[in-house]
Amino acid sequence: MTQHSPARSQAQWAPTSWKSKPDAQAIAYDARALDAACARLRELPPLVTSWEIERLKRQLAEAQQGKRFLVQGGDCAETLADCRSPVIANKLKILLQMSLVMIQEGKRPVVRVGRFAGQYAKPRSKPTELRDGVELPSYFGDLVNRPEFTESARRADPENLIVAYSHAAMTLNFIRSLSGGGFADVHHPEFWELSFFRGAGMSDALRAEYERTTTQLAAALKFMEALGENTLEELTRVEFFTSHEGLSLPYESAQTRQVPRRHGWYDLTTHFPWIGERTRALDGAHIEFFRGIENPVGVKLGPTVGADQVLRLIDALNPENEPGKLALVTRMGARKVSDVLPDLVEAVKKAGRLVLWVCDPMHGNTQAAPSGLKTRDFDHILREVELTFDVHEGCGTSLGGVHFEMTGEDVTECIGGAAGITVDDLDKNYASACDPRLNYRQALEVGFRIARRLGKHAIPSRT
Ligand code: PEP
Ligand code: CO
């Protein structure tokens, strides 16, 4: 059965119709070289399938109803250099561990979505960067150029689209083999440990709590299996979906296809692309592109957005009110969320529109450390999630998921948490190619705190 939206397939839309609209983050490419790279990308096999996309959409529809919880996370900017087995395995492990905690404490199944296998393009506030009187294009992510401050590194080379596609394919290949090969078998929680899980920096309390949770989970699984509980498979299926910001429209549109026996067009670079805060203009190229595809789509909403705009975004991106189709990812900042979010939630509720409310507590809480490094405070991150739960509970709606920038590595990018990272520690291992990420311990800690809250977050009776 295909979820078919006539509005999407009949409106004047084509995978390239975005080209007639303004792109707020357009890249100055050599047109001939770009055409050649896109022609090649159109021929290469897709990275994901329409079956997986439709399956994810069904799971997101359940999350919309409060019956499931989305756990989405990964790097701010994935890099080609980090396409290495231990780094990828650690990303999966932290996502898996966080999600298990959510199942156990939050008492509902999860849907796991990584910011990986394609999170290579970054929006920038300025198109150029000035250093010591030299002005060069900004670094727009490995999909576009390179971070070194030289003219050749910063030149936008369309060949990078193919190189990034290949690295996304290698990443996904490894993820698929790991998750299909028992790596994530929930019956063996001892496998989920990160190599430094027993390391010195891990607080005893947090480790004990995690071990208690996983032991309980394993016991509960055995019990349910013994009972022949038929929801077991559904509860424990370890699946990872992919997501990235659909910033580069040449890249996305070259992999957007029609699929046999299905209606409409699928963006096959990823299961779940999102539109960033800087590219969600209603008359812009990104809304034009994303309104035409069948994938579930996320859209980031910062504190300046109005209820009217949100309703118009919903009209554009999900005119048919299809369940599981649209996620509104709010990233207001801990200080503003209580003021700004209730009006948006009420307006969407009043209009009877189906959306998945997701909290990104990272992008509204970025601050500069005295050294100039970008950082985020663990307490602000946690507070934004908690205040977002409060808003939804006040409105009688459901917070359906969380979206984090995090890594399975022991980096020092965000301050706070039980590990007690301070601004003086930031340069010890600051490895992000863009925004500061929660490290492994901070991610697990935030996971526990949120999961406990989720356990008390009622499933609204009205869906
Ligand atoms: C991001 O998710 O890395 C990002 C740039 O977010 P936003 O568009 O919300 O600023
Ligand atoms: Co970011």
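Residues numbered from 1 in each chain as written. Chains lettered and ligands numbered in written order. Predicted model: local features only at pLDDT ≥ 70, side-chain atom pairs only at ≥ 80, totals over all residues. Heavy atoms only, no water.

**Some words on the nonpolar core**
Put simply, the rule is: The nonpolar core is taken to be a set of buried Ala, Val, Leu, Ile, Met, Phe, Trp, Tyr and Cys residues, with the residues joined through side-chain atoms within 4.5 Å. Relative accessibility decides the category of a residue: with a 1.4 Å probe and only protein chains considered, values under 20% of the type maximum give buried, values over 50% give exposed, and everything between is partly exposed. Per the convention used, a helix needs a DSSP run of H or I reaching at least four residues, while a strand needs a run of E reaching at least two, with both numbered from the N terminus. In what follows, residue pairs with any heavy atoms lying within 4.5 Å of each other are defined as contacts.
Of all hydrophobic cores here, the largest spans 102 residues; its most connected members are L161, L328, W357, F404, L438, V446 and I450. Here the element with the most residues in this core is helix α4 (residues 85–106); it accounts for 11 residues. Setting aside chain neighbours within four positions, we find I450 in contact with M102, L382, V385, F389, V402 and F404. Formed by 12 residues, the second largest nonpolar core is a distinct cluster that contains L70, V111, V113 and F241.

**Here we look at the coordination of the cobalt ion (ligand 2)**
So the rule is basically this: Donor criterion used throughout: N, O or S atom within 2.8 Å of the metal, extended to 3.2 Å for Na, K and Ca. Water excluded; incomplete-looking sites may result.
Bound to the cobalt ion (ligand 2) are the protein donor atoms C76 (SG), H363 (NE2), E405 (OE) and D435 (OD), situated 2.1 to 2.4 Å from the metal. The exposure class of H363 is buried, given its relative accessible area of 17%.

**What to know about helix α2 (residues 31–43)**
Cut-off, in case you're wondering: A helix is expected to span 1.5 Å multiplied by its residue count minus one.
Between the first and last C-alpha of α2 there are 19 Å, a value that for 13 residues agrees with the 18 Å anticipated at 1.5 Å per step. Those residues of α2 that are buried lie in contact with α6 (159–180), α9 (249–254) and β6 (256–258).

**Examining the pattern of salt bridges**
Quick note on the threshold: Take a side-chain nitrogen of Lys or Arg and a carboxyl oxygen of Asp or Glu: if they are within 4 Å of each other, that pair is a salt bridge.
Per the counting criterion, the structure on display carries 23 salt bridges. Of the charged contacts in the structure, one is a salt bridge between R55 and E239, with a shortest N-O distance of 2.8 Å. Of this pair, R55 sits in helix α3 (residues 50–64) while E239 sits in the loop between α8 (232–236) and β5 (241–245), placing them 184 residues apart in sequence. R453 is paired through a salt bridge with D390; the nearest N and O atoms lie 2.7 Å apart. Here the residue R453 occupies a position in helix α14 (residues 440–456), and D390 occupies one in helix α13 (residues 378–395), the gap between them amounting to 63 residues.

**Considerations on the packing of α4 against α14**
Stated precisely, the cut-off is as follows: Note on geometry: axes are lines fitted to C-alpha atoms, helical ones only across the stretch in contact, with angles between N-to-C directions running from 0 to 180 degrees. Put simply, angles under 35 degrees are roughly parallel, angles over 145 are roughly antiparallel, angles from 65 to 115 are roughly perpendicular, and the rest are oblique. Crossing handedness follows the turn of the near helix against the far one: under a right angle anticlockwise gives a left-handed crossing, and clockwise gives a right-handed one. Side-chain classes are defined by residue name, with Ala, Val, Leu, Ile, Met, Phe, Trp, Tyr, Cys and Pro counting as nonpolar, Asp, Glu, Lys and Arg as charged, and the others, Gly among them, as polar.
The interhelical angle for the contact between α4 and α14, taken along N-to-C directions, is 20°, at an axis separation of 8 Å. Looking at the two axes, α4 sits roughly parallel to α14. Judged by the twist between their axes, the crossing of α4 over α14 is right-handed. Contacts between α4 and α14 involve I94, Q97, M98, V101, M102, E105 and G106 from the first element and Y440, A443, L444, V446, G447, F448, I450, A451, R452, L454 and G455 from the second. Of the residues that constitute the contact of α4 with α14, the class distribution is 12 nonpolar, four polar and two charged.

**A closer look at the environment of L161**
Secondary-structure assignment places L161 in helix α6. The spacing of L161 and Y120 is 41 residues in sequence and 9.5 Å in space, taken between C-alpha atoms. Residues in contact with L161, not counting those within four places in the same chain, are Y29, L34, A37, C38, L41, L143, S248 and Y251.

**Quick word on the site of ligand 1**
Put simply, the rule reads: One heavy atom suffices: a residue is near a molecule or strand as soon as one of its heavy atoms comes within 4 Å of it. A 3.5 Å cut-off defines polar contacts: any pair of N or O atoms within that distance qualifies, except that in protein one atom must be a possible hydrogen donor and the other a possible acceptor, and neighbouring residues in sequence count only when both atoms are side-chain atoms. Here the open area of atoms and residues is found with the Shrake-Rupley method and a 1.4 Å probe, where only the protein chains shown may cover a residue.
Close to ligand 1 lie 13 residues; R115, K122, E277, K300 and R331 are nearest. At 2.8 Å from an oxygen atom of ligand 1 is found a main-chain nitrogen or oxygen belonging to E277. At 3.0 Å, a side-chain N or O of H363 approaches an oxygen atom of ligand 1. Computed on the free molecule, ligand 1 has an accessible area of 300 Å², of which 97% lies beneath the protein chains in the complex. In terms of residue class, the shell around ligand 1 is made up of three nonpolar, two polar and eight charged.

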